[in-house]
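Tertiary structure, described
Letter by letter, the chains look like this.
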Amino acid sequence: MTFIWQWLGVIGMSFGAIAFGMGAHNAKNQRWQILYMLNFFVCAIAAGLYLSMALGQGVEFINGRPTFWVRYISWFISTPLLLLILTYLGKTDLAITASLLGANAYTIVTGFVATISPYPVNYIWYVVSCAAYFATVHLLLNQYRRQAERTFPRVVSAFRRLLGIHLILWTLYPIVWIFSPAGFNFLNLGWETMFFTLLDLASKVGFGFLSLQTMSAIETTRQKAKTASSLVVFR
């Protein structure tokens, strides 16, 4: 079961990387090209992760349980790119962007420490990692969302949908972790791999396509505003 889901991850992420790579090549302007390229690298990094796991690499027995440590390397590189997609779309200022990246890095690092720590120390680090994640959530729901809505008041619903789906998917990760072999051990390695693979596909490939829809909504609204302004001047 684990092996099958790992290869499904390779196929799904490769599909996303190819689709976004082609989009970047055919992008109509630089703004679209940047968004496509960010999504391309998110999926390409994840495809490499799943390929390494499918080939039996990046896994070690730590504290008597198999640990895919390469997964955390991938998350440490790809999750900042996902946050950059959000901040790029929202035209977020540097201070908020830096705070988001810092809180996210702390979340991933302490989550990895929790995964390789023995019982019951792993639960302490899990709580620390969750606290850092809550800081990320706070930044997104307050500073990020408010600034994005001020900048793009006519596409508030699109940003709320994008942010809401992003937070739901990311919040499911620590829930899966606590029930995995590294936590309460209610899920075996196969179920853990299945859940993490599905979440990765949704939060990277699915989120990527949703970010493109959000960009389209921004561009459409901007074009309508320009048209309306031109009509007023003409009159």
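This report concerns the structure included in the present document. Residue indices begin from 1 for each chain and proceed along its sequence in written order. For a predicted model such as this one, the threshold for reporting local features is a pLDDT of at least 70, and the threshold for listing and counting side-chain atom pairs is 80 or more; totals across whole chains, interfaces and linings nevertheless cover every residue. For the side-chain quantities, the full set of heavy atoms in the structure was used; hydrogens and water were omitted.

1. A short note on empty space enclosed by the protein
Rolling a probe over the atoms, with the probe sized like a water molecule, indicates the empty space that remains. Residues are said to line a cavity or pocket when one of their atoms sits within 4 Å of a point; the points come from a 1 Å grid over protein atoms alone, cavities being sets where a 1.4 Å probe fits but cannot get out and pockets being open sets with protein on both sides within 12 Å along at least five of seven lines. Grid points are joined across faces, edges and corners, and a volume is the space filled by probe spheres set on the points. Counted according to the given criterion, the structure contains 2 cavities of 30 Å³ or more. Of the voids in this model, the largest cavity is the one considered here, and its volume is about 380 Å³. If you go around the largest cavity, you meet 22 residues; those closest to its centre are W75, T107, I108, Y173 and P174. Among the secondary structure elements, those contributing two or more residues to the lining of the largest cavity are α3 (70-90), α4 (94-116), α5 (121-151), α6 (156-179) and α7 (189-234). Numbering of helices and strands runs from the N terminus, with a helix taken as a DSSP run of H or I at least four residues long and a strand as a DSSP run of E at least two residues long.

2. Some remarks on helix α2 (residues 30-54)
Count 3.6 residues to each turn of an α-helix, and residues three or four apart come out pointing the same way. Helix length check: α2, at 25 residues, gives a terminal C-alpha distance of 36 Å against a target of 36 Å (1.5 Å per residue), a fit within 8%. In protein, a polar contact requires one atom able to donate a hydrogen and another able to accept it; more generally it is a pair of N or O atoms within 3.5 Å, and residues adjacent in sequence count only if both atoms are side-chain atoms. N-capping of α2 is provided by N29, with a side-chain oxygen placed 3.1 Å from the backbone N of R31. Within two residues after α2, G56 carries a phi angle of roughly 80 degrees, on the positive side. Helix span is expected to be 1.5 Å times the residue number reduced by one.

3. Description of a nonpolar patch on the surface
Patch definition: residues above 30% relative accessible area lacking any salt bridge, with like charges linked at up to 9 Å and the nonpolar side chains Val, Leu, Ile, Met, Phe, Trp and Tyr linked at up to 5 Å. Per-residue accessibility takes into account occlusion by the displayed protein chains alone, with areas from the Shrake-Rupley method and a 1.4 Å probe. Any carboxyl oxygen of Asp or Glu within 4 Å of a side-chain nitrogen of Lys or Arg constitutes a salt bridge here. Nonpolar side chains collect at one region of the surface, where I168, L172, I175, F179, F184 and F186 lie side by side and expose about 580 Å² of accessible area between them. Looking at where L172 falls in the secondary structure, it is placed in helix α6.

4. Focus: the side chain of T67
Secondary-structure assignment places T67 in strand β2 (residues 65-67). The class for T67 is buried, based on a relative accessible area of 3%. Note on contacts: a residue pair is in contact if any heavy atoms of the two residues lie within 4.5 Å. Not counting residues up to four positions away in its chain, the partners in contact with T67 are G58, V59, E60, I62, T115 and I116. Note on classification: 1.4 Å probe, protein chains only; a residue is buried when its accessible area is under 20% of the maximum for its type, exposed when over 50%, partly exposed between these limits.

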